[in-house]
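# Fold and geometry: a report
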Amino acid sequence: MNAAVHALAETTALPVLRAEGLAKAYGPITVLKDVTLDIRPGEVHAIIGENGAGKSTLMRLLSGHARPTAGHLEMDGTRVDFADSVQAEAAGVVLVHQEILLAPDLTVAQNLFLGRELTRGLMVDDRAMNRRTAEVLARVGANAHPADIVSDMPLAQQQLIQIARALLDDRKVVILDEPTAMLANEEVEALIGVVDTLRSQGVAVLYISHRLEEVEQLADRVTVLRDGEMIGTWPASELDQRQMAELMVGRELSMLYPPKRGLSSAAPLLVVKDLSVDHGKVEASFEVRPGEVLGIGGMIGAGRTELIEGLMGLRPSHAGSIQVNGTTIARPSVEAMMHAGLVYLTEDRKGKGLLLRERLAPNLTLQALDSVSPGIMLDRAGETRALREAVEEYDIRVRALTLEAGQLSGGNQQKLLLAKVMMTDPSVVIIDEPTRGIDIGNKSEIYKFIDALVQAGKACVVISSELPELVGLADRVLVMRGGRFVAELTGEEITEQKVVYAAASSRDRTGGRAIA
Amino acid sequence: MSSTADITAAPEKRRQGIRWGELAPFIALAVIVILGALINSNFLSANNLLNVVTRSAFIAIIAVGATFVIASGGLDLSVGSMMAFVTGIMIMSMNAMVPALGNWAILAGAGVALVVGSLCGLLNGVIVTVGKIEPFIVTLGTMGIFRAFITFLSDGGSIPIDRSLREAYRPVYFGDFLGIPYPVLMTIVVIAVGSFLLYRTKYGRRVTAAGSSDDVARFSGVHVGRVRTMAFVIQGFCVAVAAICYVPRLGAATPTTGQLWELQVITAVVIGGTLLRGGKGRILGSVAGALILEVIANVMVLSDMVSEYLVAAVQGAIIIIAMLAHRFTNAR
Amino acid sequence: MSSTADITAAPEKRRQGIRWGELAPFIALAVIVILGALINSNFLSANNLLNVVTRSAFIAIIAVGATFVIASGGLDLSVGSMMAFVTGIMIMSMNAMVPALGNWAILAGAGVALVVGSLCGLLNGVIVTVGKIEPFIVTLGTMGIFRAFITFLSDGGSIPIDRSLREAYRPVYFGDFLGIPYPVLMTIVVIAVGSFLLYRTKYGRRVTAAGSSDDVARFSGVHVGRVRTMAFVIQGFCVAVAAICYVPRLGAATPTTGQLWELQVITAVVIGGTLLRGGKGRILGSVAGALILEVIANVMVLSDMVSEYLVAAVQGAIIIIAMLAHRFTNAR
Amino acid sequence: QNIEYTIAVSIPAATHGWTGGVVYHAEQAEQQIEAAFPNIDVIVSTASSATAQVSALEDLSATNDLDALVILPFTSEELTGPVETVAQGGTFITVVDRGLSDPSIQDLYVAGDNIAVGANTAEWLVEQLGGEGEIVVLRGIPTVIDDERIQGFTEVIDQSNIEILDIQYANWNQDEAFTLMQDYLARYPNIDAVWANDDDMLLGVLEAVDQAERTDVQYALGGNGMKQVIEMVMDGDERTPISTPYPPSMIASAMFMTAAQFAGQAPMRGSFLLDAPLITPENAEQFYFPDSPF
Ligand SMILES: Nc1ncnc2c1ncn2[C@@H]1O[C@H](COP(=O)(O)OP(=O)(O)OP(=O)(O)O)[C@@H](O)[C@H]1O
Ligand SMILES: Nc1ncnc2c1ncn2[C@@H]1O[C@H](COP(=O)(O)OP(=O)(O)OP(=O)(O)O)[C@@H](O)[C@H]1O
Ligand SMILES: [Mg+2]
Ligand SMILES: [Mg+2]
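Residues numbered from 1 in each chain as written. Chains lettered and ligands numbered in written order. Predicted model: local features only at pLDDT ≥ 70, side-chain atom pairs only at ≥ 80, totals over all residues. Heavy atoms only, no water.

Turning next to the interface of chain C and chain A. The interface is formed by 31 residues belonging to chain C together with 36 residues belonging to chain A. In total, about 2,800 Å² of surface goes out of reach between chain C and chain A, with carbon and sulfur atoms giving 60% of it. Across the contact surface, chain C and chain A share 4 salt bridges. Measuring nitrogen to oxygen at the nearest pair gives 2.7 Å for the salt bridge that ties Arg206 of chain C to Glu117 of chain A. (Contact = heavy atoms within 4.5 Å. Buried area = accessible area lost by both parts, 1.4 Å probe. Salt bridge = Lys/Arg side-chain N within 4 Å of Asp/Glu carboxyl O.)

All names here are of chain A. Taken together, 17 residues surround ligand 2, and among them Asp152, Arg304, Thr305, Arg315 and Glu347 come closest. At 3.4 Å, a side-chain N or O of Lys281 approaches an oxygen atom of ligand 2. Residue Ala302 places a main-chain N or O atom 3.3 Å away from an oxygen atom belonging to ligand 2. In the complex, 77% of the free accessible area of ligand 2, which totals 620 Å², lies under the protein chains. Looking at which element gives the most residues to the shell around ligand 2, the answer is helix H10 (residues 304-311), with 3 residues. (Near = heavy atom within 4 Å. Polar contact = N/O pair within 3.5 Å; in protein donor to acceptor, adjacent residues only side chain to side chain. Areas by Shrake-Rupley, 256 points an atom, 1.4 Å probe, with all protein chains shown as cover. Helix = DSSP H or I, 4+ residues; strand = E, 2+ residues; numbered from the N terminus.)

For the rest of this paragraph, the subject is the environment of Ile106 of chain B. All names here are of chain B. Within the fold, Ile106 resides in helix H6 (residues 104-131). Taking the C-alpha atoms as reference points, Ile106 and Pro183, separated by 77 residues in sequence, lie 16 Å from one another. With sequence-adjacent residues up to four places away left out, Ile106 is seen in contact with Met94, Leu165, Ala168 and Tyr169.

What follows is about empty space enclosed by the protein. Gaps left between atoms show up when a probe the size of a water molecule is rolled over them. Under the criterion given, the structure shown has 12 cavities of 30 Å³ or more. As for the second largest cavity, its lining consists of 14 residues, of which Leu95, His97, Leu101, Gln162 and Arg165 of chain A are closest to the centre. At the level of secondary structure, the elements contributing two or more residues to the lining of the second largest cavity comprise helix H3 (85-90), strand E6 (93-96) and helix H6 (155-167) of chain A together with helix H12 (214-219) of chain C. Per-class residue counts for the lining of the second largest cavity are 7 nonpolar, 5 polar and 2 charged. When residues of the lining of the second largest cavity are sorted by domain, at least three fall in each of domain 1 (1-92 + 170-249) and domain 2 (102-169) of chain A. (1 Å grid on protein atoms, 1.4 Å probe; cavity = no way out; pocket = protein on both sides within 12 Å on 5 of 7 lines; lining within 4 Å. Points joined across faces, edges and corners; volume = space filled by probe spheres on them. Nonpolar A, V, L, I, M, F, W, Y, C, P; charged D, E, K, R; others polar. Domains from an automatic or database assignment.)

Moving on, we come to the coordination of the magnesium ion (ligand 3). Residue and element names in this part refer to chain A. Of the protein atoms, only Ser56 (OG) and Gln98 (OE1) coordinate the magnesium ion (ligand 3), at distances of 1.9 to 2.2 Å. Placement of Ser56 in helix H2 (residues 55-62) and of Gln98 in the loop between E6 and helix H4 (108-112) is noted, with a sequence separation of 42 residues between them. With a relative accessible area of 16%, Ser56 lands in the buried category. (Donors = N, O, S within 2.8 Å, 3.2 Å for Na, K, Ca; no water. Buried < 20%, exposed > 50% of the residue type's maximum accessible area, 1.4 Å probe, protein only.)

With that settled, the discussion passes to the side chain of Glu383 of chain A. Along the polypeptide, Glu383 of chain A turns up in helix H15 (residues 380-393). Beyond its immediate chain neighbours, meaning those up to four positions away, Glu383 of chain A contacts Ala361, Thr365, Leu369, Val372 and Leu378 of chain A together with Arg205 of chain B.

In this section: the packing of aromatic side chains. The final tally for this structure, using the stated rule, is 25 aromatic pairs over all chains. Here Phe58 of chain C and Tyr246 of chain C contribute two aromatic rings whose centre-to-centre distance is 5.3 Å and whose plane-to-plane angle is 75 degrees, an arrangement assigned as edge-to-face. Highlighted residues: Phe58 of chain C in helix H4 (residues 57-71) and Tyr246 of chain C in helix H13 (residues 224-250), separated in sequence by 188 residues. Under the relative-accessibility criterion, Tyr246 of chain C is labelled buried at 0%. The interplanar angle of 15 degrees and the centroid separation of 5.9 Å between the aromatic rings of Phe58 of chain C and Trp261 of chain C together place this pair among those described as stacked. With Phe58 of chain C in helix H4 and Trp261 of chain C in helix H14 (residues 261-271), this pair connects stretches of sequence that are 203 residues apart. A relative accessible area of 2% places Phe58 of chain C in the buried class. Lying across the ring of Phe174 of chain B, Arg170 of chain B places its NZ or CZ 4.1 Å from the centre. (Phe/Tyr/Trp six-rings, centres within 6.5 Å; stacked < 30°, edge-to-face > 60°. Lys NZ or Arg CZ within 6 Å of the ring centre and 35° of its normal.)

Residues and elements named next belong to chain A. Ligation of the magnesium ion (ligand 4) by protein atoms is provided by Thr305 (OG1) and Glu347 (OE), these donors lying 1.8 to 2.6 Å from the ion. With a gap of 42 residues between them, Thr305 in helix H10 and Glu347 in the loop between strand E18 (342-345) and helix H12 (349-353) connect regions that are remote in the sequence. Comparing Thr305 with Glu347, the two get one shared label, buried.

This part is about the relation of the copies chain C and chain B. For the match of chain C to chain B, the screw axis carries a shift of 0.0 Å, the RMSD comes to 0.2 Å, and the turn is 180 degrees. These values place the two chain copies in the arrangement generated by a two-fold rotation axis. Considering only C-alpha atoms, the part of chain C nearest the rotation axis is Arg277 of chain C, at 4.4 Å. Same-surface contact between copies: 100% of interface residues of chain C are shared with the interface of chain B. (Least-squares fit on C-alpha atoms with pLDDT ≥ 70 in both.)

Turning to the pairing of strand E13 (residues 270-277) of chain A, a few remarks are in order. All names here are of chain A. Of all 8 residues that make up E13, 6 are buried, and the element is covered over most of its length. Direction of pairing for E13 relative to strand E14 (residues 282-288): antiparallel, over a ladder of 6 bridges. Looking at E14, one finds that Val277 is bridged to Val282. In this structure, the hairpin formed by E13 and E14 is closed by a connection of 4 residues, where Asp278 is found at a positive phi of approximately 50 degrees. In this sheet, strand E16 (residues 317-324) lies alongside E13 in antiparallel orientation, the contact comprising 7 bridges. When the bridges of E16 are listed, Val272 appears paired with Ile322. (Pairing = 2+ DSSP bridges.)

Now the structure itself:
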C-alpha cells in the first residue's frame, strides 16, 4: 500500500461522497439498513461482505442506479438526490456493474461513447472515438479492438470494457463491483495499476472483491457489511485477510483449500480425442480420471470456454472420439452428455446460466427436469422440496423462495447455478469459474464440496482465472494458449509462476511437460 | 444465515395475493361488456351474448395455440390461411368419403383435418427451427402458400360441403349441450388441455424456458428447436380444431376464409397479457382477448354512433385504449 | 500491453474485410435476376428493368424508414394504411389549392403530405413510447384507424387528383433525369440521407443502441423514448415521400391503396439483413430486399409457368428460400 | 407455331367468389381461343391490387409486343393513365366492367352496370314490400363497384317509404356477413328484408337468419348470380326468389370479341352494356353454369 497517499486520505476531512442513513427495501424485504459512509478523495475504499450482504445494492444507491427508501447522499458537503445513473455520472460518480451491462450489437468504441459521442459537425467522429478507446483499453489492459462487436468477445474481455467505459471521463468516484471476478493474473495486475493511478489523481475508488488478498494489497480503508447492516469501517492497515473474513462472516474460518488427493491412475471417466471447435480455432485432446481435479488455466481468450462449449455441442465442433463413463458420444449435446454423466457449468450465468425473470424453482430444476418430475407432469411439490434442500445445502441466501433468479445477489446466483447442474447427479463436472463472485466463507464450502465429489470417485474439471484457486485445488493443470494445450503440470510443478509462464509464452514450453 | 424460518413462510402467502396485472384483460372485458350493456339494451340479451361467445370460439381456440408459439419465442402469421387450407382439405375429403362412409365421413374428415393441421404446423416449425429463419418471415411465406393452395383447390370459388352431410354436421356449430353451444364446449376443452400442457407439464416449462432465453435453455439441455417446433404443431392442431367447429357454420371453404385472422389472434394473445418477446403465456388471458375483440365488434354494430366508414378506426382506438389501461393496472 | 501502435493501425484494416453475411441480400438479388433472365429473355430488356426498379421505389423508400424503426427495437404495421391516408390528404389539399396556386399546388400538397406523414409517425411513436405498449399492437390499431380515415374521406370510393394537375405532376413518376427515373433518384436521395443519419450521426448510433439494449442505452443517458419516437417520425416522413412519388402513377387514393404494403416492407427489411429484434440496421440491404420482392413479382408475370392461383405460393416459397440461402452464407 | 398476335388479359386475382369466377372464365376463354386460333397467344395475368395491376400492365407491355389488351380495371382513376400509356403504343384496348375515367382510350367496352344491379334489386324489393318496410344492407369492400351498387340501390329506396335501418361493411366475405347479420338480428326486432349486394355475403346472411329462426325476414337478396344462389332461385326459394346477374363470364365475352378482331371476321368497336335483368325462376337456366366455381 502507498503510505503517503494513505496518509493524505486520512487527513482529508471533507468526504467527496457521503451516505447518510441509507436504507433500501424491496417491498417487505429490507436488504440494506441505515448505512452511513464517508468516501474521501484519493482513497481506495473496499467494501466487503458475504454474498447477499447488500454490497451491490449499496453501490447502486450511491450511483443513482437505484433510489434509497430512506437516507440521503451528500457530495462535497451538499445534499444530492440522483434521479438516475446519468445524473450521478454527470456529478462524477460512476458504477461498473458486477454483471455485464453493454449493448451487445455495438462495437467497443460505440459502447464506450454511447450517450456522449464525439462529433465533428453533424457527423460522429469515429476516428477520434476509436483512438481514445484504444488508449483507454490499453490503460486497463484489455486486448480488444475498438471496432470489435461486443457480443463476439469473451466475458472477461467485456468486463474490462465496462471498466474502460467508466474511466473514459474524469470522475470523482469510481465504483468497481467485483471487477476481477473473471480476470486472470495479468489483467488483474493491469487493473490494480489503474486503480493506483486513479488514487494518485485524487479519485475515490470504491472497490468490491471477494479476493481478500487484493483488498489487502489495494485498500486504504475497509467497510464491512453483514446482512444488510454496516459492521464498521477500518483502516486497511489494521486488518489482515483473516480478520476481514471473520468480520464478514462473524465466525472463525477454517482452512481454505482441502488437501490434494494426488494423481489418479484409474481408468479415465472422460476421454476426448482430437476435438476441434469453431473450425479449428481450438483443438485439443485430454482425459479426466476419477478422483482428480483437473484445472485448466490460461489467459482471457485462450479458448478454454470455447473448448468446453464445443465439447458440449454448443458450438460447431467435431471430434475424433469422445467417451464419457465408457459411453461413446456420437453427436455431443448437453442432453446426451448429461445422460452419460457429464455436466457443464457456464461462466456466463446471466446470459447462459439462469432465467433471470423466472423464479428459483424452475431455474433449479430446468436441467434435471426429467429426474425431478419423472412423468410428463411437473411435480411442483417435489420442486419446492428440491429448492429447500438446495438452499440449505448450498447456503443460498434468499429472503423469500418466491423471488426471481435475477433478484438474487451475484454470489447467490452462482450458488443457485451450481445447485442446478448438480441436480443431475453427474459423475464428471466441468465448472467454468466456479467461485465467480462467491464470498470467502462460501468459497471454502465449494472447495470442500468439490473435494467430496472427487473423493467419491467422481471427477471435476475446473476452469479458473483465479490462480491461487487453480493452484490450491487442482491435482493436475492443463494450460491453454491460442486454442491449444501448451503444458501439463502435476504435483509440485503446480505453481502460480509456472502456470503464468506457460499461459504467456508458447514458444519454449519449459513451464512443464510440453503437450503435442 | 438469515434464518431458514422466514424463508419457508413467505412463498405460500405470496401465491395467494391477487396479481392485478394478470386480471387486466378480464377487467377490460368486464368494462367493455358493461359499456355494451349501457349503449344498447339488446346487447345483454341471451341470444346476442350466446352468438358473440360462440363466434369468438374460433379465434379463442387458435389463440390458445398461438399462446404456445409466442410463449416459446415464435410467431405464426399463417394461421388464417392455414385455417382456410385445412377447411378446404377437410371438406374435400369428407365429400370424397361420403359414398363409402355416410355420416361417418364427418368424423373421418375431422381426423384428416387434425393431421393436416398438425403437418402444416410442423412445416412452419421445421423451417423456423432447422432453417433458423425469423418466424415472422417463414410464416408470412407459408401464409401466402396456404392461401394460394386453397384458392387453387377451389378454383377461386368455393368448396361447399356435400348436401347430405350438412344436416348431420350442423349441430357442431349450432347445437348445444345443456344450453352451452358446442363450439364453446370445445373451447373450454381446448383451454383445459392447453392450460394443463403449459402450466402443469414439463413440456410447458420448457416452452417458457425456450421463450425466456434461448441460450439458457440450450445450456440446460433443452432441445429448443424441438420444443418450438412442437409449439407450432400445437398451433396447427388448434387451427384444425377451429376448422372442425367452423365448417358447419357456413358449409364451405373459400379463398377468403380466415382472412386476417392472424392479426386478430395475435392481438387477442397480446391483449391477454402474453408478451410478444416470449417467455410467458397466459392462456385464459388470450381467450379473454378473443372475447374482447368479438364484443367490441358486436357493440360497434349494435350502437349507432359511428359511421360505417369509421368502425375500423374506433375498433383500433379501443384496442389501444385497452392496452393502455392494461399498462396502468400493471404498473401497480 | 500489446503496444498501442498496432491497435490504432488496425481499425481501418478490419473494416475493409468483406463480410459475406452483409452481402447475402445482394447475392440473392443477383441470383434471382439471373434466373429471371433465363426464364424470359425479355426480362433483361432495358424497359422492363427500368419499370421494375422504378416501381420498387415505393417499398424501398418506406423500407428505409422501417429500417430505423426496426433497428430501434420497434415495428410499424401501419405504413400501408398511412400511405393511403397521406395520399388522400395530399390529393385533397392539392385539389383545394389548385384554384389559388395553379401548378404550385403540387409543391404545397407535397409539403402537406410530409407534415401529415411525420405527424402520423409521431402519433405511433408517442403511443408506443409514452404508453409503453407493444409496437405490434399500437400500429395494428393505427393501421385500422388510418384505413378507416381514408375510407371515410373517400366515402368508400376514390379521391382522384384534379385533371389540371395530372399533366404537370406526371413526370414525378414517369419522367427521368439523365435517363434515371425520378422515383429512382428520390430513392437514392432517401438512401443517402438515411445512411448518413443511421451510420454517421449521433442519432443513428443511439437508434441501434436503443434497439440493442434498452437498459444499457438508458443508463448511458440515451433518451430511448425520444429516439424511438423519432424513428417512427422518420418512418412517417418516408411514407410521405413514397406517397409523393406514388400519386402521379395512379392518380387517386382509394381505401385499398397501400394494402398489405406493411408486410412487403417488413419482409424487405428482414431479407435485407436487419434483425426484427433490433440493434442493427442495414439500409442498403432493405433496398435490395425491396428489389428482390419486386423482381420476383415481375418474373412471375413474365413467366407463364404457374397457375394464376399459385403465384402467391411461389412468391412465398421464394422468400423462404432466399432467407435460407441467407442463413447459409451467413454461417460462413 | 407462328404466333402473330398477342392478347394480354389483366384481371384481379381470385380473392373472393366473383373475382374467382372472372379468373375461371378468363382461363377457359384463353384455352378456347388458343385452340381455335393457333396464331393468337393469350396471356392472362392477375393482380391483387390496383398497384399490382399497373405493374402487370407495365410488365406485359414492356416485354411483349401487345396487339390487344383486355383489362378489368381494379379502379377507374388509378388505371386510366397506365392503360392510356399502353394504348399510345397502338395496342387495341378492351375495357371490361369498370369504365376508365377517359372513355376515348378504349376501343371496345364490355360493361356490367353496377348501378343497375342495385337499382333493379331495389325496384323489385319496393314493389314486393308495397313501398314500405324496414331493411338492412351489407356492403362489400370499399371500392367503386360497391359504391355504385349501393348508390343505385339507395337512390331507388329513398323514393319509397322503406327505411334502411343500417348499412355496414362485410367485405364480400361470407363469414363477416354471417357475423354482421347476427348482430343486425340481435339489434332490430323487425327486419323485412336484407340486401347483401353480393351472393357470397348472401350465403352468410341466410345462415344467420336460419339460425335465429326469424320469420320476419321476408326477403334476403344478393347479386352477381352465384351458382348456389341461382339453384335456389330455380328451386323457387321464397326468401330468395331472385338474383341479379353480374356474370363474371363477361370477361370471356370481351376476350372472344377482341380475338375476333384478329381472326379477321368482324371489326368490333363500341360499347356493349350488359343488362342487369332480374334472374327469376323462369329464366334462371340461362344464368346457370354448373362447372364454374362461382
Ligand atoms: N429486486 C429485488 N427484489 C428483492 N430482493 C432483492 C432485489 N435485488 C436484490 N435483492 C436482495 O438484496 C440482497 C442484497 O443483494 P446484493 O446484490 O446487494 O448483495 P451483494 O452483497 O452484492 O452480494 P454478492 O456478493 O453475492 O454480489 C440479496 O438478498 C438479494 O436477494
Ligand atoms: N480475440 C478474440 N476476439 C473475438 N472473440 C474472441 C476472442 N477470443 C475469444 N473470443 C470469443 O470469446 C468467447 C469465449 O472466449 P474463450 O473461450 O476463448 O475464453 P476463455 O479462455 O474461457 O477465457 P475466459 O476465462 O475469459 O472465459 C468465444 O465466443 C470466443 O470465440
Ligand atoms: Mg453483488
Ligand atoms: Mg471462459
